[in-house]
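# Coordinate inspection notes
This is what each chain is made of:
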Amino acid sequence: MGMCPYARAFAGEVLSAPGVGGAILTTTCDQMRRTAEWLSLAGGPPVLLMNVPATWQTPAAARLYRDELQRLGRFLVSLGGRRPRRERLAETMERYDACRAILRGAAGTLGGRRASEMIARFDLGEEPDGSASAAPPCGTAAPGRADSGQCCTPGGRRAALPVALVGGPLARGDERVFDAIEQAGGLVVLDGTESGVRALAAPLDRRRLRDDPLLELVDAYFGTIPDAFRRPDALLYEWLGRELAASAARGIIVWRYVWCDMWAAAAARLSEATGLPVLDLHVSGDEAGLGRTVHQVQAFMEVLK
Amino acid sequence: MISAGVDGGSRAIKVVLLDCRTRKVLASGVCDQGVDHDGLARKLLEQLLKKADLARSRIVRLVATGYTRNAIGFADTTVTEITCHAAGVRHRMPKAATIIEIGGQDSKLLRLNPDGSVRDFAMNDRCAAGTGRFLEVVAARLNAGLEGLGDLARAASSPAPISSMCVVFAETEIIGLLASGARPEDIVAGVQASIASRVAAMVGRGAGAPVVFTGGVAMIPGMAEALAAALKTPVQIAPDPQMTGALGAAILACRQACGR
Amino acid sequence: MSGRAKRLTLQELDRLCRRRQASGAAMPAYAGPLERHVQDGDRRLLRLEYDDSPAALRLWNFLLTEEDRLHEARAAGRKIVGTMKDLGTVPVMAYSLPNVVAFYPDGAWWTPCVMELSEGLFGIAQSLGLGDAFCPVRAMAGAFVNRAHFPIPDLLTCSVGATCDDFSAIAQRLESLGYPILWWEMPSRRRPEPGEPAVALPGGFRAPESQVALVRSELERVRAALAELAGSPLGDEELTAGIREANRIRGLLGELRHLAYAADPCPMPALEMLIAEMLAIHFCSDRAESAAVLAELLDEVRSRTTAGRGVMPAGAARLFWVNPVADLRVMNLLEDCGARLGGTEYLFCHALDAIPGDLPPMEALARMALADPMVGPSVDRAARIVRDARAFGAEAVVVSRIPGASHCALEGTIMGRVVRDELNLPVVELEVPPVADPLWPTLRTRLEALVETVLERRKR
């Protein structure tokens, strides 16, 4: 009772998935911080709890993040990895930077589930190719899905209601929420979940990257990714303000797991901060919960209409 | 000398009369719980005394236990059902090391010391999903009596996964399963597995053997098997599981009266 | 005085108060019948039972008049600092300044306990999106909105990072309502890596030197803010004096705890001990007076211990209690069930240890802050519990869960496992909401069963 279903599922995966050589969790939420300890005691693979500072405006916080990146590196070496040369680190960062650019472009054109899946595959090591950002012709069904008659670009045959999906992480299977939104007449035009574009680091400074890749890594990740756990959380609302305006979303669906305090509190603020209608979807992560999610989404879309 | 144990549970009142010298049960009985906890318990006690042809004055000590124990005004003292179930089970099964008691409204785990005293315990009394209440809900949904659930579960071929952590939502899940064509047999088996897994979560790291299952829910066929599967260890059902609380109370009454 | 010390109802305690007033006994200016607080809305006070000593009367009066003192401080032009989340460090710094008072706005989470929903703080929090999935600290948000309790502080500080999510979320919500907060980072305390420079912390933990350095640098920011607020320097000399005073109070409390939890019969009820311990972290907005209150309580406990007077019969089951309770009545209940406290860990045991006096003050404070058991792994907290439970002769451990508190989901399991492995003691978890009435039978059953288990174990 009281344990976040995502944290529980993550812990389950660490202990049961084959071939897991190590687990890395961060302090961005108390649930994961304590899950890391629980995993350490459970006799599974080695665990690293990476201390990601909540504050961000001080040099001390950035220094802590940098130190933790180096500690992460040592952990990976202890698992059999190799410490990279500076040039290699810079090359990898450039490559990932290019991938993120593709993903951002794809999110802008594909929208919804497909973009989310691309990001998920990228997170698992699959780099997108440049053609991924090309949108299918209007009226063409996405592979494996029946043509719902919905169109992903404005001016299509039938306009879907643009909504933003904002919040915590999506676990495997949770992408069905995109389907639920589309089936109810909506379209996710801004994926601000932890699994979406919000969590993509900003473009790198190529010159600084060559001078000090680690410092650039700190600036890019620590300095630019907005989230509800950061204190103060001003960056999140700045980002939301910009992106909501650009996407013309007419409503916000907050995606969070039950017992997630950070996004629960954020959900309460979003309406007054943005002036948009907000649906607070707190999901339990089980099959029965999906039915409830669908109902709530349908009701929300009716409200927006 | 005779002692008496009264277990005023949330659903039923149980009474046991015990011969303090031989520790044999002289009479036992059960009635439905109601509003007048004291009156109902008193009436049941009188009925048993009459049936056993014993006078009230023969009872040297009476201990009340269970949810309504403090409402039973004629008890000499009260003891919680944790201690009573431990005493009652060990009386019948002297080697019991772990006791799982599932009643209508709660479930308990008791770990015993070698001498039968309680070493540690845990209770789930905030969530109906690990209690007999869940089975009642299922029985009602399937238009089956509680006693019929066992037969249904035995005929299951593929227990339906019940994922909800709350009985209310689980009931919705069951409706959905029926609507999608799931067999009632598989649903019942899934519910039993779900209850067993909730209870197993209380057990945590390993249950000392032997594990004994008691309480009213132990009488429902299929539950012991579900529990054994969840715990990955054999589970024995206590004899007359609904009465172990009252039996334990009577035994403790004996000890208090006789000093042993 | 002979015979057992008694627990009194509020009316009986107030009769004691009036008798003392009539007799001309020396009483502090803030003293008076507690019923005046009931008239203010603290209806819960009517259902508690109190120790019958003048020392306890003074303690209760001191606790319940904190808001009055804060308003007096504001009227007198003193600066008020609301210190949030860190338990015990920033107030030490604040009270080192001559015209500054510090308090814990999150102490308002107790307010519903003594005010039985009459002020609706939880309702206000709910309207801000902070419902009962958040811990009772959410009452703080209500108190800021209705401004019916403490004066709005001149400066708010809040530690974040290795802190519980609900507190962080509640404080952020507060900031979004227009209350600027000085956030300072508390790293998640970890074991030093091989070869990593490490330091010993008070309480027995070790931590990387780099983490201590980070906390020190963060506390320097707090120091600067406090000095600017006060308009006077907060140098090492001032801090050293402040630490000395804080240690005096910690020493008094340490002695009080030692006697109260070790002596048999138990000389002071659980409820008064819980309140006394809280004084260690915030001094109830009057550092000097909190020392006097604790000294009087200690005298009473010494006197009772010498005379063999207790509030419970000798031999009551000793329970080590983990986490403070949202409903204070549970402290009465544990005694009603035949138990007494045999040690406690109320989330801030680091604030009960002496701040090192042989280190530069900021280094000492940084090490003390990092020694907070809540910022490290639960096994560290459990290690402290084991040590103290052993020292106090505890016979069982109760982990009281705080509804909605993110740390409670997992830590009880971990702590229970460590306690059982190390001490072979029974461990029971129970959840205590702010108004525990609906759960009374189940709480009583668990505590009674635990007492039965303890008494049975003694026979072995």
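Just so it is clear, the structure is predicted and the values come from calculations on it, not from any experiment. (Residues numbered from 1 in each chain as written. Chains lettered and ligands numbered in written order. Predicted model: local features only at pLDDT ≥ 70, side-chain atom pairs only at ≥ 80, totals over all residues. Heavy atoms only, no water.)

### Section: the overall build of chain B
Along the backbone of chain B there are eight helices and ten strands. Relative to the 2.2 N^0.38 estimate, which gives 18 Å for 260 residues, the radius of gyration of chain B is 19 Å and therefore close to what a compact globule would have. Principal-axis analysis of the C-alpha atoms places the extent of chain B at approximately 60 × 40 × 30 Å. Out of the 260 residues belonging to chain B, those deemed buried represent 55%. In chain B, 63% of the contacts between residues at least 6 apart in sequence involve partners at least 24 apart. When the accessible surface of chain B is totalled, it reaches about 10600 Å², and 53% of it is carbon and sulfur. Charge separation in chain B, taken as the distance between the mean sites of 29 positive and 23 negative side-chain charges, equals 7 Å. (Helix = DSSP H or I, 4+ residues; strand = E, 2+ residues; numbered from the N terminus. Rg over C-alpha atoms; globule rule 2.2 N^0.38 Å. Buried < 20%, exposed > 50% of the residue type's maximum accessible area, 1.4 Å probe, protein only. Contact = heavy atoms within 4.5 Å. Areas by Shrake-Rupley, 256 points an atom, 1.4 Å probe, with all protein chains shown as cover. Lys, Arg positive; Asp, Glu negative; His and termini not counted. Charge placed at Lys NZ, Arg CZ, Asp CG, Glu CD.)

### Side note on the overall build of chain A
The helix and strand tally for chain A stands at eleven helices and six strands. By residue count, 49% of the 305 residues in chain A fall in the buried class. The contacts of chain A with a sequence gap of at least 6 include a subset with a gap of at least 24, amounting to 70%.

### A word on the pairing of strand β7 (residues 107-112) of chain B
All names here are of chain B. In terms of residue burial, β7 counts as a mostly covered element, since six of its six residues are buried. Burial along β7 is two-sided: the face carrying Ser-107, Leu-109 and Arg-111 and the face carrying Lys-108, Leu-110 and Leu-112 are both buried. Where strand β6 (residues 98-102) meets β7, five bridges bridge the pair, whose relative direction is antiparallel. Its bridge partner lying in β7, Glu-101 is registered against Lys-108. Linking β6 to β7, which pair antiparallel, is a turn of four residues. In the sheet, β7 pairs with strand β8 (residues 118-124) via six bridges, with the strands oriented antiparallel. When the bridges of β8 are listed, Lys-108 appears paired with Met-123. Where β7 folds back onto β8 in an antiparallel hairpin, the turn is made up of five residues, including Gly-116, whose phi is positive at roughly 95°. (Pairing = 2+ DSSP bridges.)

### A word on the domain arrangement of chain B
Residue and element names in this part refer to chain B. By the assigned domains, chain B splits into domain 1 (1-93 + 242-260) and domain 2 (96-238). Counting residues at the interface gives eleven residues for domain 1, matched by 26 residues for domain 2. Summing both partners gives a buried area of about 1500 Å² for domain 1 against domain 2, and 65% of it is carried by carbon and sulfur. Sorting the residues of domain 1 by area buried against domain 2 places Ile-82, Arg-90 and Met-93 first, and these three jointly supply 42% of that buried surface. For Glu-136, the salt bridge is made with Arg-11, and the minimal N-O distance between the two is 2.6 Å. Remark: the boundary between domain 1 and domain 2 carries five residue pairs in polar contact (both at pLDDT 80 or more). When grouped by side-chain class, the residues that make up the side of domain 1 that touches domain 2 number four nonpolar, four polar and three charged. (Domains from an automatic or database assignment. Buried area = accessible area lost by both parts, 1.4 Å probe. Salt bridge = Lys/Arg side-chain N within 4 Å of Asp/Glu carboxyl O. Polar contact = N/O pair within 3.5 Å; in protein donor to acceptor, adjacent residues only side chain to side chain. Nonpolar A, V, L, I, M, F, W, Y, C, P; charged D, E, K, R; others polar.)

### Describing the confidence of the model for chain B
Residue and element names in this part refer to chain B. Mean pLDDT over chain B stands at 88; residues scoring 70 or higher make up 94%. Model confidence for chain B, summarised as mean pLDDT per element, is weakest for helix α5 (residues 167-179) at 75 and strongest for strand β1 (residues 2-8) at 97. Here the prediction assigns the complex a pTM of 0.87, and the interface score ipTM is 0.91. (pLDDT = per-residue confidence, 0-100.)

### Looking at the domain arrangement of chain A
Many authors give the size of an interface as the accessible area that is lost as the parts come together. Residues and elements named next belong to chain A. Domains assigned within chain A are domain 1 (1-81) and domain 2 (139-304). Of note, the centres of domain 1 and domain 2, computed from C-alpha atoms alone, are 24 Å apart. On the domain 2 side, the residues contacting the 21 residues of domain 1 number 22 residues. Carbon and sulfur atoms supply 73% of the area buried between domain 1 and domain 2, which totals about 1900 Å² over both sides. At the junction of domain 1 and domain 2, the tally comes to two salt bridges. Between Arg-66 and Asp-212 there is a salt bridge, with the nearest N and O atoms lying 3.7 Å from each other. Summed over the shared surface of domain 1 and domain 2, the result is three residue pairs in polar contact (both at pLDDT 80 or more). Sorting the residues of the side of domain 1 that touches domain 2 by element identifies α1 (5-16) and α3 (59-78) as the ones contributing at least two each. Sort the elements by how many residues they give to the side of domain 1 that touches domain 2 and α3 lands first, with six residues. Considering only residue class, the side of domain 1 that touches domain 2 consists of 13 nonpolar, six polar and two charged.

### Focus: the sheet that holds strand β6 (residues 182-186) of chain C
Residue and element names in this part refer to chain C. Across the sheet, which stays open at both edges, the four strands sit in the order β4-β3-β5-β6 with parallel pairing between neighbours. The open sheet has two edge strands with one neighbour each: β4 (100-103) and β6. Across the sheet, the axes of successive neighbouring strands diverge by a mean angle of 25°, strand direction being ignored. In the packing of helix α4 (residues 66-75) onto the sheet, contacts are made with β3 (79-84) and β4, and the angle to β4 comes to roughly 150°. (Axes fitted to C-alpha atoms, helices over the stretch in contact; angles between N-to-C directions.)

### Some thoughts on the packing of helix α4 (residues 86-109) of chain A against helix α8 (residues 213-224) of chain A
Residues and elements named next belong to chain A. Relative to each other, α4 and α8 sit at 30°, their axes nearing to 9 Å. By the angle between their axes, α4 is roughly parallel relative to α8. Residue-level inspection shows Arg-86, Leu-89, Ala-90, Met-93 and Arg-100 of α4 in contact with α8, the latter providing Pro-213, Leu-214, Glu-216, Leu-217 and Tyr-221. For the contact of α4 with α8, the class distribution of residues is seven nonpolar, no polar and three charged. (Parallel < 35°, antiparallel > 145°, perpendicular 65-115°, else oblique.)

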